[in-house]
Amino acid sequence: MGQLLDESESTYSRLERGQVVDGVVMSIDKDGILVNVGQKTEGMVGIREMRSLSPEDAEKMKPGDQLTVVVVRPETEEGMAILSIDRARGEMGWRRLQEYADAGTVVEAKVTGFNKGGAVVEAEGVQGFVPLSQLSQIGRPATEGEINPQLPALVGKTLRLKVIEVNRKRNRAIFSERSASQEIRQQQKQVLMGELQEGSIRQGRISGITKFGAFVDLGGADGLIHISELSWQSVRTPEDVVKVGDVVDVYVIKIDKETRRIALSLKRTKPEPWTEIASKYVVGQVTQATITKLATFGAFARIDNAVEGLIHISELADRIVQHPKEVVKEGDSVAVKIVRIDPERRRIGLSIKQVGQDEADRVMSDYQGEAGEHRVERPALNAAMAAQLTQAMSAQQQGDAPASK
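From a predicted model like this one, the values you see are computed outputs, not experimental measurements.

Cut-offs applied
- Residues numbered from 1 in each chain as written.
- Predicted model: local features only at pLDDT ≥ 70, side-chain atom pairs only at ≥ 80, totals over all residues.
- Heavy atoms only, no water.
- Helix = DSSP H or I, 4+ residues; strand = E, 2+ residues; numbered from the N terminus.
- Buried < 20%, exposed > 50% of the residue type's maximum accessible area, 1.4 Å probe, protein only.
- Contact = heavy atoms within 4.5 Å.
- Areas by Shrake-Rupley, 256 points an atom, 1.4 Å probe, with all protein chains shown as cover.
- Salt bridge = Lys/Arg side-chain N within 4 Å of Asp/Glu carboxyl O.
- Core = buried A, V, L, I, M, F, W, Y, C linked by side-chain atoms within 4.5 Å.
- Phe/Tyr/Trp six-rings, centres within 6.5 Å; stacked < 30°, edge-to-face > 60°.
- Lys NZ or Arg CZ within 6 Å of the ring centre and 35° of its normal.
- Pairing = 2+ DSSP bridges.
- Axes fitted to C-alpha atoms, helices over the stretch in contact; angles between N-to-C directions.
- Patch = residues over 30% accessible without salt bridge, like charges linked within 9 Å, V, L, I, M, F, W, Y side chains within 5 Å.
- Expected span 1.5 Å × (residues − 1).
- Polar contact = N/O pair within 3.5 Å; in protein donor to acceptor, adjacent residues only side chain to side chain.

Engineer: I would appreciate a short explanation of the overall build of the chain in the present structure.
Structural biologist: Within the chain, the regular secondary structure consists of 7 helices and 20 strands. A burial count over the chain gives 37% of its 405 residues as buried. Across the chain, contacts joining residues at least 24 apart in sequence account for 59% of those joining residues at least 6 apart. Carbon and sulfur atoms provide 47% of the accessible area of the chain, an area that totals close to 24000 Å².

This is the structure in structure tokens:
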């Protein structure tokens, strides 16, 4: 018997303040919960130390249930320990946060407040902080030291975060939404890369624009539309075709799983204009065109709002022209004659000087009538044609028939 008592004493260890222990519920009454924490000790969880216990959970609790508690006072004069469920939940929360930080796990946290530095959150019963630099939804305020006006709208929302720092001694828990977003997006991208098929058409949203193209968010991964794939027409800058936030249908050109890059096209979701040019236009036909760009050797003009042709400098006017700007400017609406069509090389030659005055008047009159019906304002006739029209009217007033060229 003496030996058994000695062994019992040697294995017994006293409870310590702040210790987290597992116990068994012995009884429940109006004063609290009596818990057997082993080691010859019973403890009481008072009403003030169980506020985190919901009424539903408290009602379900019964003798024999397992319960994790924190030792508030190892022993009272009556030999009973004072225990806390509230503090245990906090301690367990800290432990779980440390596990999440070590494993890189994404957790959910509710925004409970904010200050000029960021958002205050609660996760696993622990209050933590998300600095502004780690919030992916908002940025820094325009004026240093001021509270970002977007912060109040976050209160009450649940964010998906990663734990980037846990310091229990300093009661410090720091979270990052940006890190969580990146990880979630990588997972989504992996899934999307497996689903996408070259040659398919997907819907996405323009997420960014650079000088060489536009990025499209496909719902988990970004693909790039190179500037050459934005339109069948010549594009100076991507902003001329799309803007951030636009919802567009895109054609999947290529998926490179090694580099995790996705090449997209906007123009390939629409018919290529050149497929209709040969059947719609013939050499010698006169039509309306809009001057799109000037070069030293001539002017480019778009016909049918679809393809661009070149008006060589020698085809701008009957006189010698040093530079196209002497005759036309960008945006001018002019009557042109088609002098050459080369579908294979995607080229079309145009001429202004070969258009007779009667033909010009008819074409521009028809065009202006159509534009009026659609309520689209167009630039006035170019300087060369205006001069020709003035000469014709002057000749008519003198009794001469206007000459057609």
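There's more to say after this.
Engineer: What am I meant to see in the pattern of salt bridges here?
Structural biologist: Should the charged atoms of two oppositely charged side chains come close, the side chains can pair. Applying the stated criterion to the full structure yields 13 salt bridges. Where arginine 172 meets glutamate 165, a salt bridge forms, and the shortest distance between an N and an O atom there is 2.7 Å. The partly exposed category is assigned to arginine 172, whose relative accessible area is 31%. Assessed through its relative accessible area of 29%, glutamate 165 is described here as partly exposed.

Engineer: Just to check I follow, could you spell out the nonpolar core for this structure?
Structural biologist: For soluble globular proteins, nonpolar side chains are generally found buried alongside one another. Grouped together as the largest cluster of nonpolar side chains are 23 residues, with contacts concentrated most on Ile303, Ile311, Leu316, Val328, Val336 and Leu350. At the level of secondary structure, the elements contributing two or more residues to this core comprise α5 (274–280), β16 (286–295), β17 (298–303), β18 (307–312), β19 (333–342) and β20 (347–351). Counting residues in each nonpolar core, the second largest holds 21 residues, with Ala123, Ile138, Leu159 and Ala173 among its members.

Engineer: Hey, could you run me through the packing of aromatic side chains in this one?
Structural biologist: Given two aromatic rings, their pairing is described by the distance between the two centres and the angle made by the two planes. Under the counting rule described, the total for this entry stands at 2 aromatic pairs. With a centroid separation of 6.0 Å and an interplanar angle of 85 degrees, the aromatic rings of phenylalanine 297 and phenylalanine 300 are classed as edge-to-face. Judged by its relative accessible area of 41%, phenylalanine 297 is partly exposed. A cation over a ring is seen here: lysine 293 above phenylalanine 300, with NZ or CZ 5.1 Å from the ring centre.

Engineer: How should the sheet that holds β20 be read in this particular structure?
Structural biologist: Sheet strands pair via backbone hydrogen bonds, and the direction of the pair is either parallel or antiparallel. Here we have 5 strands rolled up into a closed barrel, ordered β16-β17-β18-β20-β19, and mixed in their pairing. Averaged over all neighbouring strand pairs, the angle between strand axes comes to 50 degrees, with direction disregarded. The pairing of β18 with β20 spans 2 bridges and is parallel. The residue of β20 that forms the bridge with leucine 310 is glycine 349.

Engineer: How should I be thinking about the sheet that holds strand β4 (residues 66–73) in this particular structure?
Structural biologist: If you walk around this closed barrel you meet the 5 strands as β1-β2-β3-β5-β4, and the pairing is mixed. Between one strand axis and the next, the sheet turns by 50 degrees as a mean value, whatever way the strands run.

Engineer: Just to check I follow, could you spell out the pairing of strand β13 (residues 222–226) for this structure?
Structural biologist: A regular strand carries its side chains on alternate faces of the sheet. Taking every second residue as pointing to the same face, the buried face of β13 carries Gly223 and Ile225, while none of Asp222, Leu224 and His226 on the other face is buried. By the bridge criterion, 2 bridges tie β13 to strand β15 (residues 261–265) in an arrangement that is parallel. Paired with isoleucine 225 across the strands is leucine 264, a residue of β15.

Engineer: In this structure, what is going on with the environment of lysine 116? I would like to understand it.
Structural biologist: By the secondary structure assignment, lysine 116 is in the loop between β6 (106–115) and β7 (118–123). Sequence separation of lysine 116 and asparagine 148 is 32 residues, and the distance between their C-alpha atoms is 6.8 Å.

Engineer: Is there a simple way to explain a nonpolar patch on the surface in this structure?
Structural biologist: Taken together, the side chains of Phe114, Ile147 and Val155 define a hydrophobic patch exposed on the protein surface, amounting to about 230 Å² of accessible area. Tracing the sequence through the fold places phenylalanine 114 in strand β6. Of the residues examined, phenylalanine 114 reaches a relative accessible area of 33% and is grouped as partly exposed.

Engineer: Teacher, can you tell me more about helix α4 (residues 177–195) here?
Structural biologist: Residues separated by three or four positions in an α-helix point in the same direction, a consequence of the helix having 3.6 residues per turn. The terminal C-alpha atoms of α4, which comprises 19 residues, lie 27 Å apart, in line with the 27 Å expected from a rise of 1.5 Å per residue. Of all the positions in α4, only Glu177, Ala180, Ile184, Lys189, Leu192 and Met193 are classed as buried.

Engineer: Before we go on, may I ask you to explain helix α3 (residues 85–103) in this structure?
Structural biologist: End to end, α3 covers 27 Å across 19 residues, agreeing with the expected 27 Å (1.5 Å per residue, within 8%). Of all the positions in α3, only Ile85, Ala88, Gly90, Glu91, Gly93, Trp94, Leu97 and Tyr100 are classed as buried. Measuring from the backbone nitrogen of aspartate 86 back to the side-chain oxygen at the start of α3 gives 3.3 Å, which picks out serine 84 as the cap. Trailing α3 by a residue or two, glycine 104 shows a phi angle of about 70 degrees, which is positive.

Engineer: Looking at this model, I keep getting lost on the pairing of strand β1 (residues 20–29). Mind explaining?
Structural biologist: As defined by bridge partners, β1 adjoins β4 across 5 bridges and the pair is classed as antiparallel. By the bridge assignment, aspartate 22 is partnered in β4 with threonine 68. Pairing between β1 and strand β2 (residues 32–36): 5 bridges, direction antiparallel. Its bridge partner lying in β2, valine 25 is registered against valine 35.

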